[in-house]
Structure formats: C-alpha cells, structure tokens
Amino acid sequence: MYKAIVFAGTTEGYALCEFLAENRVSVYACAATEYGGSLLQENEFLHVSAGRLKTEDMEELFRKENPEIVLDATHPYAAEVTKNIRTACESAGVLYQRILRPEGEKNSEAIYVESTEEAAAFLSGTEGNIFLTTGSKELAKFTGIPDYKERLFARVLSIPSVIRSCAELGIEGKHLIGMQGPFSAEINEAMLRQFQCSYLVTKDTGLAGGFPEKMEACQRCGVTPVIIGRPLKEEGLSLQDARVFLSKMFGFTLSQKISLVGIGMGAEKTLTLEGKKALNEAELLIGAKRMTEAVQKPGQMVLHEYRSEKIVEYIREHPKYRTVAIALSGDVGFYSGAKKLIDQLDGNVEVICGISSVVYFMSKIGLSWDDAKIVSAHGRNCNLISLIRHNPKVFSILGTEDGVAVLASRLVYYGMGDVTLYVGENLSYENEKIFHDKAANLTEYRGDALSVVTACNEKVTPMSAVHGISDGEFLRGKAPMTKEEVRTVSLSKLRLSEDSVCYDVGAGTGSVSVEMALRAWMGQVYAIEKKEDALALLKENKKKFAVDNLAIIPGVAPEAMTELPAPTHAFIGGSSGNMQDIINLLLEKNPKVRIVINCITLETVTEAMNAIRDFGLEDVDIVQLAAARSKSIGRYHMMMGENPIYIISCSGRGEEIR
C-alpha cells in the first residue's frame, strides 16, 4: 500500500517523489517511458513503474493501492494524460492534486500561438532558419513548411527510437541535434548562431523546462520566439507550495538547505565553482540588488534584502523553498554579514567562501597583502590616518564617492601628502578602474562608491608609547598640562581598550587626550575645553601626533558634553566647580562608565568624594602621587617637587540615574 502515487513525467514530479521518500512517505512513481523511469532511483520508500497507462489501468492501480493522494506532475502540455488521470481519480474516489510549473514571463518580442498547427502555419509564411525545441512527437506537423528539410533544425532526446523517427521525416544530419537538457542560455545562443536561425519554436515550459534560458538566448541573438500556448488553462500547486501541502498532510517538518555564498566582487567570473553551484541550485536567492542581479538565473525567485533580521524572518515564513542561497559581497569571512546570519539561523547553514576584494585587488596592483594592515572604513570608524602613519601598507574598503578625496585631504593635513594611494573601483566589472597617485594629488577626486584603497607609506612613524610620552613632545603654552608621571598612572587606572569612547574633561593642552587617542586607536576621544589658548594648543598637538580620532569640543562641561555619544571612559582633569553635574551626565549616558579624576586642591577632592557617595559609585581607588624631578645646579642635582596629585578612580554601578 502506497500513501501517494505520483505521475512523474517532469522535473517537478521526480523532485516530489524524492521529497516524499526522504520524509519516509511511501511513493509509487509512474513514468511514461523506460528513460523517464531511469531518472529515479528506487529505495525502501520509492517504487518506480515505467510504461504508459490507459484510464482503466490507472483506475485499477488506484483501487489496488488505495493511496491517500494522486499527484499529477505530468508535463503542462500533456493535456490528454491529465484528463485521463482526473477521470481515473474520480472513478476510484481518490484525492487528486495537479502540480503545475509557473508560466514564463510574457515576451513582447515573441509570437504567441495556440497550437503546433498554428505555429507551423505562421512559419510557412516566413523566411529564415528555424530552431525547433518542442520535441519529436509533433515534428511531423512542421514538415508542411516550404523547404523544411533545409530550414528546420530540431533538438530532440538522444534516444535511438527518437532519432529514427526524425530521420524518417527527413530531419537528419546537421539538422538533427540529439541532446538531453537542461540547456543554459549560452548553449542555446551558440546553437542559434551556429545554424543562423531567425526563429525559435518552444512551448512555455516554465523555469524547470529551460524556458527563461531560451528567451534570453533569443534576445541576445535577435531571434524571434514562437511560443505555443498551454492546451489547458489549469489551476494547481507549484513544486514549492506542494511541499508545504504534503508536509501538513503527512505530518512531517520541512527542512531547508541554506547557503551563505561569498560572490567575490560581484561579477560572475569571480565566483568559485562551489559558490556557482549553490547559487544555480537555489530556489530562493537573497541579497542586495547589485549582487543578486550579477548571479541570478532567469526566472529564479529573488528577494532583494541585506538586513539579517529581515532575511531570517523571510526564510522562516517561507519554508516552501527547499534550497536558499544568500549572496554576500566578497568573502563570507571578510567584513561580511555572515556572522550575524549564522547566529540568527542557529548555525544551520552551509558557508561557502568567495574571493575577497583584498586578495583580488592586491594581485591586480602586484603587491603582497601578507604584511598589510587590513580594515574597512565602509560604515565604520577605523582611524585610517593612524594606521597609515604607523604601517607601511594599509588596505581598506571605502564606500563613498568622496572617500578617496576625504582620506587624501586628511593625509595632507597631517603632513603625509606623499603617501601613495592605490585606488580600485568596480572591481571585476567591465568598468573596473585601477590607478595610483600621491595623496596630495587626490584631494579633489570623486569616484565610485564601490571602491577600495591601498595606502603605501615609505616614511612610517614608529608607534609612540601609549602611556608616558615625554612632556617635551607636546606643544605647550600657558595652558595647564597633566605631567608625564601623572598621565601614566591616571591612564593605567582608566583601563582603556583599543575601541574605547573617551571624554577628556578640561583637556588643557591635550596631553591626556593624545595618549587616549593613541591607545584607543579604533575608538574615539572627545576633548572638552573652554579656554581659547588651550583649544589652539589642542589643535596643534592633534595635528602633530596625527590622532584623527580626537575630536575637540569647545565649551564648558557638562553643557558641552550633552550631544556627544555615550562614553565608555572619562578623565576629569578640570571641572570648573561642576563635578556633581559632570558625573551625573556621564552616568546618564552610560551607567557603567569608568571615571578617573585628577585633583590638585582639597576642595576638588571633597567634590569628587561627595559625588562618589551620592551616586553610589563602586570600585573606588584613591592614589596620592607626589613626584619630584631633578634640576642641575652646577655639578649637583637637586630634586624639585611637583604639586601632589590625588588620582581618584571609580566605576558606575550599571544602574540608571533617578
């Protein structure tokens, strides 16, 4: 007893047989020919029977097996067979379900006819060679076309009986092509050009029947399609909808194969073979429009989306798509959205690597990339200036039309105008552009947003110590400056990381700000200062140390801090009597903020301790530092004391301020 009987004369029919058998539903597959039967492999849950059945044979089979459902997945042009299956199901009282492949998109350049006879009649009044892709059964109807032996080129199955029947009609030699599909647009195009055809005759066989590939080839070659309409106007389920229907009917869960595919720069030629296979086999292709347009097959279901949460939501809401490919730019491990997708899909994915832009571009410009610093400035802060200053070779993805000009202008500002910039735009596409020039010559350049850059700096500045830069290195005026020894201890207590967001409140000359920016080179530092002379020194020291991630904020704290992003760390070197309000705002922005306060006067210590008590700060540590420096007096050295400093460090409790 079989739960389902499938008339499997099509790709969809074979797929449904395998689908049901994989889910342990017993299937009786009916194929019209031995060849059709050979396309299925029998197993414990799948029995294959080959041979044409009459209506009474079908009724007898249905009564014997008593299936829960009969699936009619025969060819959309097999009208007589479909009528017989329907009649047999009605007589035997068995549930019938038609499986239909969707029709192809209408072609404005095509000639549409209702039947093979009408197609032959139309072609009889034309000139030029004709490529027939409708099979051998109705080939005889085209023999009425004048000079048909010279004009017709027929592609049929490479079965001896089929070849013989065609030869008997006078279609043989170079006019007879025996091949088994499916056929790509490229193969169709090659044949149309080889035989110098003016017309291609086809049935609307849909995606699985290679209809879109035929239409694409006709468009490329300037050939007119003659399309024979479907004999019956039917309703039915698509292959994808049939899977959902059958899973509910037989009570099993649908599974999906999801592939994250790195597609290289975007052009199809940079796809790996594994990636191309996954994309071609996908029933659903997902990705940004630029990427999907480069790799999608004609007629393939496509979702233009790049947001991971929306992609995951769509996949879960559409379990009917058994194979899903998500196209990702470059390589899945190189600044890719793959990580989020893997996490949100619970790791139930196949990850297929691609060719990253760094590999492609560096090979194009003839440079190695094993010694390059590799980052991305596309939608993120990566402090390219600092990287280029301290590294001989830096590769970065850009992402804006003025990205090269902005970078070049900053390099010139920081005294690095002689850095060579290698620029790559539209990599792998026909309009690919690669060139190089000095930064000083590119400050006005506007190019394509789809770009990368490699900066080569022959005058690398060694990275300075990030704690304890000599006081003499800084430009100084009359503005106060946190001295070297105090900076070292204060920044140690601050516990910065490379991506910290820091405030320097009362920044003075900017000695603390500069060291913060050098340490947190992937983060951002905001120097808040109210005095004009100090602001001028801040700008000069920012430029000298090329700390592009240091932003100077004129004004009095806390008002000047109001619109700034939430800090992870804050150093308070001067509060102007506003300690309570400054700490309150810091905690409002980030209840877990790490704070270090420098106090010279006892009154400031009192303000700081009151704030620590009032806000319930924790991890409190107080260091009193008294440093002395030697001074030469003749042949003697006398120690000269610096002002004693209280260094108070603490952290927020992580609770919101009320």
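See the structure shown above.
Just so it is clear, the model here is predicted, and its values are computed rather than measured.

With respect to the nonpolar core
1) Next: Core analysis: the largest hydrophobic core is formed by 31 residues, its most contacted members being Tyr503, Ile528, Met561, Ile572, Ile583, Leu586 and Ile597.
2) Next: Contributions of two or more residues to this core are made by strand S22 (501-505), strand S23 (524-529), strand S24 (550-554), strand S25 (569-572), helix H21 (579-589), strand S26 (594-599), helix H22 (602-615) and strand S30 (645-651).
3) Next: Top contributing element to this core by residue count: H21, with six residues.
4) Next: The contacts of Ile583, once residues within four sequence positions are left out, are Ile572, Ile595, Ile597, Ala611, Phe615 and Leu617.
5) Next: If you look at the next biggest cluster of nonpolar residues, it comprises 28 residues, including Leu20, Ala29, Ile69 and Val244.

Let's talk about the pattern of salt bridges
Once their charged atoms are close, side chains differing in charge can pair, the charge on each being opposite to the other.
1) Next: Counted according to the given criterion, the structure contains 31 salt bridges.
2) Next: In this structure, the salt-bridge partner of Glu59 is Arg63, at a minimum N-O distance of 4.0 Å. Pair noted here: Glu59 and Arg63 are both in helix H3 (residues 55-65), with a separation of four residues, about one helical turn.
3) Next: For Glu138, the salt bridge goes to Lys141, with nearest N and O atoms at 3.7 Å.
4) Next: Glu138 sits in the partly exposed class, given a relative accessible area of 21%.

Quick word on the sheet that holds strand S21 (residues 451-456)
1) Next: Strand order in the open sheet formed by five strands is S17-S18-S21-S19-S20, and the pairing between neighbours is mixed. Each edge of the sheet is formed by a strand with only one pairing partner; in this case those strands are strand S17 (373-376) and strand S20 (433-438). Mean inter-strand twist for the sheet, computed between neighbouring axes without regard to direction, equals 15°.
2) Next: Both strand S19 (residues 420-425) and S21 contribute to a ladder of six bridges, which runs antiparallel. Its bridge partner being in S21, Glu425 is matched across the sheet by Ser451.

Description of helix H1 (residues 11-22)
1) Next: Between its first and last C-alpha, H1 extends 17 Å over twelve residues, near the 16 Å set by a 1.5 Å rise per residue.
2) Next: With nine of twelve residues buried, H1 lies mostly within the body of the structure.
3) Next: Buried within H1 are the following residues: Glu12, Gly13, Tyr14, Ala15, Leu16, Cys17, Phe19, Leu20 and Ala21.
4) Next: Check the buried side of H1 and you find it contacts strand S1 (4-7), strand S2 (27-31), helix H2 (34-38), strand S3 (46-50), strand S4 (69-72) and helix H10 (239-250).
5) Next: Remark: Arg24 follows H1 within two positions and exhibits a positive phi of approximately 65°.

Details of helix H13 (residues 308-317)
1) Next: Those residues of H13 lying buried are Ser308, Ile311, Val312, Tyr314 and Ile315. Summarising the axial view, the buried residues of H13 lie within an arc of 165°, below the 170-degree limit, and thus occupy one face. With respect to the buried face of H13, the exposed residues turned more than 90 degrees away are Arg316 and Glu317.
2) Next: Buried residues belonging to H13 abut strand S12 (257-262), strand S13 (284-287), strand S14 (301-304), strand S15 (323-328) and helix H14 (338-344).

Some details on the sheet that holds S15
1) Next: With respect to topology, five strands assemble into an open sheet ordered S14-S13-S15-S12-S16, the strand pairing being parallel. Taken across any chain shown, the strands that pair with only one partner, and hence form the sheet edges, are S14 and strand S16 (350-352). The sheet shows a mean angle of 20° between the axes of neighbouring strands, direction not considered.
2) Next: Alignment of S12 against S15, held across six bridges, turns out to be parallel. Opposite Val261, over in S15, you have Ala327 as the bridge partner.

With respect to a nonpolar patch on the surface
1) Next: A cluster of nonpolar side chains, contributed by Ile633, Tyr636, Met638 and Met640, occupies part of the molecular surface with about 400 Å² of accessible area.
2) Next: If you tally residues by element for the nonpolar patch, the top one is strand S29 (residues 636-641), at three residues.
3) Next: Counting through the fold element by element, Met638 comes out in strand S29.
4) Next: Classification of Met638 as partly exposed rests on a relative accessible area of 43%.

Details of the pairing of strand S11 (residues 224-228)
1) Next: Within S11, four of the five residues are buried, which leaves the element mostly enclosed by the surrounding structure.
2) Next: For strand S6 (residues 111-113) and S11, the ladder comprises three bridges, and the chain directions are parallel. By the bridge assignment, Tyr112 is partnered in S11 with Ile227.
3) Next: Here strand S10 (residues 197-203) pairs with S11 via five bridges, running parallel. Bridging across to S11, Leu200 finds its partner in Pro225.

Here we look at the packing of aromatic side chains
1) Next: One pass over the full model with this rule turns up ten aromatic pairs.
2) Next: Arranged with centres 6.1 Å apart and planes meeting at 80°, the rings of Phe122 and Tyr199 form a pair that is edge-to-face. Remark: Tyr199 occurs in strand S10 and Phe122 occurs in helix H5 (residues 116-124); sequence separation between them is 77 residues.
3) Next: The exposure class assigned to Phe122 is partly exposed, which follows from its relative accessible area of 30%.
4) Next: Where Tyr413 meets Tyr414, the ring centres are 4.9 Å apart and the plane angle is 80°; that geometry is what we call edge-to-face.
5) Next: The ring of Phe183 is capped by Arg155, whose NZ or CZ atom sits 3.7 Å from the centre of that ring.
6) Next: The side chain of Lys543 reaches across the aromatic face of Tyr413, ending 4.7 Å from its centre.

A few points about the side chain of Asn549
1) Next: Counting through the fold element by element, Asn549 comes out in the loop between helix H20 (532-545) and S24.
2) Next: Once residues lying within four places of it in the same chain are set aside, the contact partners of Asn549 are Asn383, Ala517, Ala520, Trp521, Gly523, Gln524 and Val525.

Things to note about the side chain of Ser513
1) Next: Within the secondary structure, Ser513 is located in helix H19 (residues 511-519).
2) Next: Using a relative accessible area of 0% as the deciding quantity, one classes Ser513 as buried.
3) Next: Leaving out residues up to four positions away in the same chain, Ser513 has contacts with Asp504, Ala507, Val525, Ala527, Leu538 and Leu550.

Structural notes on the packing of H3 against helix H4 (residues 79-92)
1) Next: Direction vectors running N to C along H3 and H4 enclose 45°, while the axes themselves pass 9 Å from each other. Comparing the axis directions of H3 and H4 gives the class oblique. The two elements H3 and H4 cross, and the hand of that crossing is right-handed. Between H3, through Thr55, Met58, Glu59, Phe62 and Arg63, and H4, the contact on the second element is made entirely by Asn84, Ile85, Thr87, Ala88, Cys89, Ser91 and Ala92.
2) Next: Its residues assigned to classes, the contact of H3 with H4 comprises six nonpolar, four polar and two charged.

Regarding the pairing of S29
1) Next: Across the six residues of S29, zero count as buried, placing the element largely on the outside.
2) Next: Pairing analysis gives six bridges linking strand S28 (residues 628-633) to S29, with the strands arranged antiparallel. Residue pairing in the sheet places Ile633 in a bridge with Tyr636 of S29.
3) Next: Counted along the chain from S28 to the antiparallel partner S29, the turn is two residues long, and its residue Gly634 has a positive phi close to 65°.

A look at the environment of Ile263
1) Next: Along the chain, Ile263 falls in the loop between S12 and helix H11 (273-281).
2) Next: Judged by relative accessible area, Ile263 falls into the buried class, the value being 1%.
3) Next: Between the C-alpha atom of Ile263 and that of Val375, which follows or precedes it by 112 residues, the distance is 19 Å.

What counts and how
- Residues numbered from 1 in each chain as written.
- Predicted model: local features only at pLDDT ≥ 70, side-chain atom pairs only at ≥ 80, totals over all residues.
- Heavy atoms only, no water.
- Core = buried A, V, L, I, M, F, W, Y, C linked by side-chain atoms within 4.5 Å.
- Buried < 20%, exposed > 50% of the residue type's maximum accessible area, 1.4 Å probe, protein only.
- Helix = DSSP H or I, 4+ residues; strand = E, 2+ residues; numbered from the N terminus.
- Contact = heavy atoms within 4.5 Å.
- Salt bridge = Lys/Arg side-chain N within 4 Å of Asp/Glu carboxyl O.
- Pairing = 2+ DSSP bridges.
- Axes fitted to C-alpha atoms, helices over the stretch in contact; angles between N-to-C directions.
- Expected span 1.5 Å × (residues − 1).
- Arc of directions from axis to C-beta.
- Patch = residues over 30% accessible without salt bridge, like charges linked within 9 Å, V, L, I, M, F, W, Y side chains within 5 Å.
- Areas by Shrake-Rupley, 256 points an atom, 1.4 Å probe, with all protein chains shown as cover.
- Phe/Tyr/Trp six-rings, centres within 6.5 Å; stacked < 30°, edge-to-face > 60°.
- Lys NZ or Arg CZ within 6 Å of the ring centre and 35° of its normal.
- Parallel < 35°, antiparallel > 145°, perpendicular 65-115°, else oblique.
- Left-handed = near helix turned anticlockwise from the far one by under 90°.
- Nonpolar A, V, L, I, M, F, W, Y, C, P; charged D, E, K, R; others polar.

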